Protein chains: 2
Amino acid sequence: MKIVSSLLPEQALQEAIQKKFPEIQFQFFKGMKNAFESFQEAEVFMTYGEDLTEELIHSARNLRWIMVMSAGLEKMPLAACEEKGILVTNARGVHKIPMAEFTLGAMLQYVKQTKLLSEREADENWDRKIPMAELCGKTILILGVGAIGGEIARLAKAFRMNTIGVNRSGDQVDYVDELYTMKEVPEVIEKADFIVSVLPSTDETSNVLTYEHFQAMKNTAVFINIGRGDLVKDETLLKALENNEIAHAYLDVFEQEPLPKGHSFWKMENVTVTPHLSSITKNYLPRAFEIFEQNLHTYNKKGVNYKNRIDLSRGY
Amino acid sequence: MKIVSSLLPEQALQEAIQKKFPEIQFQFFKGMKNAFESFQEAEVFMTYGEDLTEELIHSARNLRWIMVMSAGLEKMPLAACEEKGILVTNARGVHKIPMAEFTLGAMLQYVKQTKLLSEREADENWDRKIPMAELCGKTILILGVGAIGGEIARLAKAFRMNTIGVNRSGDQVDYVDELYTMKEVPEVIEKADFIVSVLPSTDETSNVLTYEHFQAMKNTAVFINIGRGDLVKDETLLKALENNEIAHAYLDVFEQEPLPKGHSFWKMENVTVTPHLSSITKNYLPRAFEIFEQNLHTYNKKGVNYKNRIDLSRGY
């Protein structure tokens, strides 16, 4: 069996997986261009999920399984995979730890006045009058309580916060005190001190937050978007921030990425911009390989219980 | 009965406690100078613990209980209190939530590169190459696992960290994986990615961290001091930082406070200075009043189980 990868992990990871499956031929390449020839013959293909097209799927002669080493499937030709009966799995869940840590970090930055303290430090100004707050007792509303949102909720509970979750079903989830569907959000959003979105980009979530949502939020609320930038239109968010409908926004994702130089978000006092890196971590690939390895055992023994198998008709 | 206070809480807190104990006469003053005359007749005295002297204790005619609305007892004339049979309680435990949140905030700042990201933001520079790390899997060594250190350990475990604790007894504590005494620290300190001190200032803890301790730490280690500034000599810490024995220090407490303008710590790239505010929070007095109220019920019914009763001979 031949496994081809269009991502080139560090040598140690390559050797570790090869050692565990000595009977399998692994070929790692940097990018699809280099992988292309081998891809034609591959039975299993590893990819970040952004380099495949319908044509490529149809050109592959032996392809039976694609392991997407990320959680995003927006650029995957899923219909073609379904047509050819190709198994697709992804690395969903690998993001939850770094993204949840990033979120708690942002919330602590806010209540612990990190930015202001840093300015005072630059001025050598010993100022103990800066008002310090706490996460304890505050309420977080999490848009999307799947793997990532659930991990955020777990940490929020450890910080003695109240947790409100929003998911498709409205069904109960661990560490979430109250659960609602997206339709019910306008009625509960006023309770939240922090509104965090981890929603992916789908037809359902595109522009789902409107100006009315921001108007309904507390003026002291903090909005954190680590999901996708099309959750809310730039102009809507800008207006809400300019009108002080909320106190601050931590934005890691944007309608247009990279966020263009000169965009208002960069310079606004009540906005903190980070370059879409909440999920980035040195532990990323090792964790994705763990999932791949587990699934490879399943594949080898012709099992059926794959971790993170994608339902190709639903797309997730 | 007359209860006198040299601290002046906001009106709402004053009214709340008065309403709960209508038979008691409460008098609140701003500072000892204003409280002095009433203090002479007080049966119970509330203080931050920094305005009493032996002479004052002996001058008070009816004093039977002092509630120190802080955790620090360094400036309390405890011997005089013992001599006169005065009950002393304090607000130990009130600090644990803000201080533990502050500590986790500092650690997340470090691994999530908050400072560097903020510089990039100021330059409108979309830089995704900044190496992002995690708390998950890292090891924290906590010097002093009492109320505060225990709360830090609890949160660290929630972040999937390994926890090493140091206390007087070496006895087991919740959420602490391994426990040692101060003498054993040099043997285990090399395991730690974060070394956090919450130790108070006592004869045992003064200058207890030496250059050898810093040499034994990982070069990538982060030192966080939210206890007392005399844990380590400025010159020792400076030398350790200049020689890159550790990667970074978050310092909230100092040998001399306020930290003087021009002190090297203010400008060093690998030092973050904050003005002794890790324990400050808007929730501070409400929480201290909860303890006071609980103890006042005990006092009224001539009970014995006081919360945070100080052993006057031991001093804690």
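Nothing here was measured: the structure is a model prediction, and the numbers come from that model.

The rules behind these values
Residues numbered from 1 in each chain as written. Chains lettered and ligands numbered in written order. Predicted model: local features only at pLDDT ≥ 70, side-chain atom pairs only at ≥ 80, totals over all residues. Heavy atoms only, no water. Helix = DSSP H or I, 4+ residues; strand = E, 2+ residues; numbered from the N terminus. Rg over C-alpha atoms; globule rule 2.2 N^0.38 Å. Buried < 20%, exposed > 50% of the residue type's maximum accessible area, 1.4 Å probe, protein only. Contact = heavy atoms within 4.5 Å. Areas by Shrake-Rupley, 256 points an atom, 1.4 Å probe, with all protein chains shown as cover. Domains from an automatic or database assignment. Axes fitted to C-alpha atoms, helices over the stretch in contact; angles between N-to-C directions. Parallel < 35°, antiparallel > 145°, perpendicular 65-115°, else oblique. Left-handed = near helix turned anticlockwise from the far one by under 90°. Nonpolar A, V, L, I, M, F, W, Y, C, P; charged D, E, K, R; others polar. Buried area = accessible area lost by both parts, 1.4 Å probe. Salt bridge = Lys/Arg side-chain N within 4 Å of Asp/Glu carboxyl O. Polar contact = N/O pair within 3.5 Å; in protein donor to acceptor, adjacent residues only side chain to side chain. Least-squares fit on C-alpha atoms with pLDDT ≥ 70 in both. UniProt positions renumbered as here; feature names shortened; annotations may be inferred.

Trainee: Go over the overall build of chain A with me, naming the residues and quoting the values.
Mentor: When its secondary structure is counted, chain A shows 12 helices and 12 strands. Taking 2.2 N^0.38 as the reference for a compact globule, 316 residues should give roughly 20 Å; the C-alpha atoms of chain A span a radius of gyration of 22 Å, in line with that estimate. For chain A, the C-alpha atoms occupy an extent of roughly 65 × 45 × 40 Å along the three principal directions. Counting all 316 residues of chain A, 58% fall into the buried class. The long-range share in chain A, meaning contacts at least 24 apart out of those at least 6 apart in sequence, stands at 59%. With an accessible surface of roughly 14000 Å², chain A has 47% of that area assigned to carbon and sulfur atoms.

Trainee: Give a detailed account of the domain arrangement of chain A, specifying residues and quantitative values.
Mentor: Under the domain assignment, chain A is made up of domain 1 (2–92 + 282–300) and domain 2 (96–273). For domain 1 of chain A and domain 2 of chain A, the distance between their C-alpha centres works out to 34 Å.

Trainee: An account of the packing of helix H1 (residues 11–20) of chain A against helix H12 (residues 284–300) of chain A is needed here, citing residue identities and associated values.
Mentor: All names here are of chain A. Contact geometry for H1 and H12: axes closest at 11 Å, N-to-C directions at 15 degrees. Classified by the angle their axes make, H1 and H12 are roughly parallel. For the pair H1 and H12, the sense of crossing is right-handed. Contact residues: H1 offers Leu-13, Ile-17 and Lys-20, while H12 offers Leu-285, Pro-286, Phe-289, Phe-292 and Glu-293. Broken down by class, the residue content of the contact of H1 with H12 amounts to six nonpolar, no polar and two charged.

Trainee: Describe the interface of chain B and chain A, with residues and values.
Mentor: In this assembly, 55 residues from chain B lie in contact with 54 residues from chain A. Counting each side, the surface lost to burial between chain B and chain A is near 4800 Å², with a carbon and sulfur contribution of 58%. If you sort the residues of chain B by the area they bury against chain A, Glu-121, Glu-124 and Trp-126 of chain B come out on top, with a joint share of 18%. Applying the counting rule to chain B against chain A returns eight salt bridges. Residues Glu-124 of chain B and Lys-267 of chain A are paired through a salt bridge, measuring 3.6 Å at the closest nitrogen-oxygen approach. The tally of links from chain B across to chain A stands at 26 residue pairs in polar contact (both at pLDDT 80 or more). Of all the secondary structure elements, the ones that give two or more residues to the side of chain B that touches chain A are helix H5 (96–111), helix H6 (114–122), helix H7 (147–158), helix H11 (264–267) and strand S12 (271–273) of chain B. If one sorts the elements of the side of chain B that touches chain A by residue count, H5 of chain B sits on top with 10 residues.

Trainee: Lay out unusual backbone geometry with the relevant residues and their values.
Mentor: In this structure, the amide linkage connecting Glu-257 of chain A to the following residue, Pro-258 of chain A, adopts the cis form with an omega of -5 degrees. By secondary structure assignment, the location of Pro-258 of chain A is in the loop between strand S11 (248–251) and helix H11 (264–267). Even without being glycine, Glu-124 of chain B reaches a positive phi, approximately 55 degrees. With respect to the helices and strands, Glu-124 of chain B occurs in the loop between H6 and strand S6 (139–143). We classify Glu-124 of chain B as buried; its relative accessible area is 15%. With phi around 65 degrees, Tyr-175 of chain B is a residue other than glycine that occupies positive phi space. One can find Tyr-175 of chain B in the loop between strand S7 (162–166) and strand S8 (178–180).

Trainee: Could you give an account of the relation of the copies chain B and chain A, with specific residues and numbers?
Mentor: With an RMSD of 0.1 Å, the fit of chain B onto chain A corresponds to turning through 180 degrees and sliding 0.0 Å along the axis. Such a turn and shift between the copies fits a two-fold axis.

Trainee: Give me the lowdown on the environment of Leu-7 of chain A, citing residues and values where you can.
Mentor: All names here are of chain A. For Leu-7, the location among the structural elements is in the loop between strand S1 (2–5) and H1. When the C-alpha positions of Leu-7 and Phe-45 are compared, they lie 9.9 Å apart, and in sequence the two are 38 residues distant. Every residue in contact with Leu-7, bar those within four places of it in the chain, is listed here: Phe-28, Phe-29, Met-46, Thr-47, Tyr-48, Met-69 and Leu-285.

Trainee: With reference to specific residues and values, describe the UniProt feature "domain: D-isomer specific 2-hydroxyacid dehydrogenase NAD-binding" (unreviewed entry) in chain A.
Mentor: Per the UniProt record, "domain: D-isomer specific 2-hydroxyacid dehydrogenase NAD-binding" (unreviewed entry) is annotated on residues 105–278 of chain A. Secondary structure within residues 105–278 of chain A divides into 29% helix and 16% strand; the distance between the first and last C-alpha atoms comes to 10 Å.

Trainee: Kindly report on the pattern of salt bridges, identifying the contributing residues and their values.
Mentor: Scanning all chains against the criterion turns up 30 salt bridges over all chains. Linking Arg-154 of chain A and Glu-151 of chain A is a salt bridge whose minimum nitrogen-to-oxygen distance equals 3.0 Å. Here Glu-151 of chain A and Arg-154 of chain A lie together in helix H7 (residues 147–158), a separation of three residues that amounts to about one turn. As far as the burial class goes, Arg-154 of chain A and Glu-151 of chain A line up, both buried. Across the pair Glu-134 of chain B and Arg-287 of chain A runs a salt bridge, and its minimum N-O distance is 2.6 Å.

Trainee: How would you summarise the environment of Glu-255 of chain B if you had to cite specific residues and measurements?
Mentor: All names here are of chain B. Within the secondary structure, Glu-255 is located in the loop between strand S11 (248–251) and H11. By relative accessible area, which is 42% here, Glu-255 ends up partly exposed. Along the chain, Glu-255 and Leu-7 lie 248 residues apart, while their C-alpha atoms are 26 Å from each other. A polar side-chain atom of Glu-255 sits 3.4 Å from the main-chain amide nitrogen of Asp-234.

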